[in-house]
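Coordinates in review
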Amino acid sequence: VCSSDLFCLHKLVLNTTLYINYMEKKLKFGIYIHIPFCSSRCIYCGFYSTTLAKTMETDYVEALLHEIKLRKKEPLCFCGEGETPVVDTIYIGGGTPSCLKSENVGRILSCVNETYECQLREVTMEMNPDDITDEYVKEVKGYGVNRISMGIQSFDDSRLRFLRRRHTAEIARNAVSTVRRAGISNVSIDLMFGFPGQTVSEWQEDVRKGVELAPSHISAYSLMYEEGTPLFSLLEKGKVSQIADETSIEMYESLIDQLSSAGYEHYEISNFAKPEHRSLHNSSYWHDVPYLGFGASAHSYTIGKRSSNVADIRQYVESLRTGILPSSMEIIDDDTHYDDLVTTALRTKEGLYVDSLKPKYREYIMKAAKRNIDAGLMAMDNGHLHLTRKGLFVSDMVMCDLIYT
């Protein structure tokens, strides 16, 4: 079957992953569940969240269960007669999902399993280090959680206080041990670099301490100054200063070197994994796999469309009480879909499988990429166009060169 035939079948079936799933009659999709509760807001966070957990948790979970059931028949991808797409990954994110009572985590996962056909390979739950106890981890493990993603951010207590994190470095280290003791070995940690005044050597020490914990997965992000956050306000008032671009690049270079030396595969711009421990759920975002997002502010990507739920917990709850999902929708045409592929697949180690594109996009991308290939920023291997290490540092610029619209 050539790529043009696949587009006739359905324009969503574009890349290798979905094509293989189609041929095996095992079309897979992921589910994201947004828990917008936090005990306190971090200074840098731009995600939708609220501190109303104690008063809104029960109502919110009831609304979530209603949405999960309401969307049962929503078309996800092309299915022939007798074919049913199956859920293979679930990601519970936030906010702070570990603010939830464990029994509510169980209710949500049970509802997903009862509503959809599931062949789950990975069920991830984000947790704050200071929420983690043996009992809590054992309970959510019993409900099906088999991977924990932990926002450690730094092992420097002064920086954690600056971020308004509730944990200390010692609490974070103990939390990783607790998760393993409770029976979950697949642990991912988040680290952050580029703090005001931070040196490269200080960042290298943070990475070293992260590696000491031997997590199966490490995500590392540069501190972002998002408009509307307290951190952005401090920047505008001149109370903090961003580090120099050259320093940020040096930090990222040392991150790659340290984690590669420690046996981690750099499989996505910000993500590193031990062998066989890539994030399966997040990988689906980068490889054009459809997903449903449940909860206030959650996004979904299905047949030819992208939708997002209202980012207001009260409106979300009240609307679902009447059986109406408060969401907006965007139709994805071919040009938009191509642009989406460029900005997601090119984040990965494998890159974009060019033969999966329609002829006009295949011709366009190879012509547009030539300048970057000649400059050593991109390369072509086994039909996949991907960033080189040199290209990682200017990935936004490279992707802009390849955008169609």
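Our structure is the block above this text.
Now for a description of the structure that goes with this document. All figures in this text were calculated on a predicted structure; none of them were measured in a lab. (Residues numbered from 1 in each chain as written. Predicted model: local features only at pLDDT ≥ 70, side-chain atom pairs only at ≥ 80, totals over all residues. Heavy atoms only, no water.)

**Quick notes on the sheet that holds strand S13 (residues 352-353)**
The strands that make up a sheet are held in pairs by hydrogen bonds between backbone atoms, and each pair lies either parallel or antiparallel. This is how the line gets drawn: The pairing criterion for strands is at least two bridges between them, as found by DSSP. Here a helix means four or more residues in a row that DSSP labels H or I, a strand means two or more in a row labelled E, and each is numbered from the N terminus. Note on contacts: a residue pair qualifies if any of its non-hydrogen atoms lie within 4.5 Å across the two residues. Orientation is described by lines fitted to C-alpha atoms, with helices fitted over the stretch in contact, and by angles between N-to-C directions that extend from 0 to 180 degrees.
Read from one edge of the open sheet, three strands run S13-S15-S14, paired in antiparallel fashion. The strands lining the two open edges of the sheet, one partner per strand, are S13 and strand S14 (378-381). Here two bridges tie S13 to strand S15 (residues 384-387), and the two strands are oriented antiparallel to one another. By the bridge assignment, Tyr353 is partnered in S15 with His384. Sheet strands in contact with helix H14 (residues 359-374) are S13, S14 and S15, and its direction is about 120° off that of S14.

**Some details on the packing of H14 against helix H16 (residues 395-402)**
Operational definition: The crossing is said to be left-handed when, going from far helix to near helix, the turn is anticlockwise and less than a right angle, and right-handed when the turn is clockwise.
Put simply, H14 and H16 touch, their axes get as near as 8 Å, and they point 145° apart. Pair H14 / H16 crosses with right-handed handedness. On the side of H14, the interface is formed by Tyr364, Ile365, Ala368, Ala369, Arg371 and Asn372, while H16 contributes Met397, Val398, Asp401 and Leu402.

**Here's the deal with helix H12 (residues 313-321)**
Put simply, the rule reads: Here's how the labels work: a residue is buried when its accessible area is under 20% of the maximum for its type, exposed when over 50%, partly exposed in between, all with a 1.4 Å probe on protein chains only. Pairs of N or O atoms within 3.5 Å make up the polar contacts considered here, provided that, within protein, one atom can donate a hydrogen while the other can accept it, and that residues adjacent in sequence are counted only when both atoms are side-chain atoms.
Listed in full, the buried residues belonging to H12 are Ile313, Tyr316, Val317, Ser319 and Leu320. The N-terminus of H12 is capped by Asp312, whose side-chain oxygen sits 3.0 Å from the backbone nitrogen of Arg314. Just beyond H12, the residue with positive phi is Gly323, at close to 85°.

**Thoughts on the side chain of Arg159**
Mapped onto the elements, Arg159 comes out in helix H6 (residues 157-163). We classify Arg159 as buried; its relative accessible area is 12%. With residues up to four places along the chain from it excluded, the contact list for Arg159 reads Ser154, Phe195, Gln198 and Glu202.

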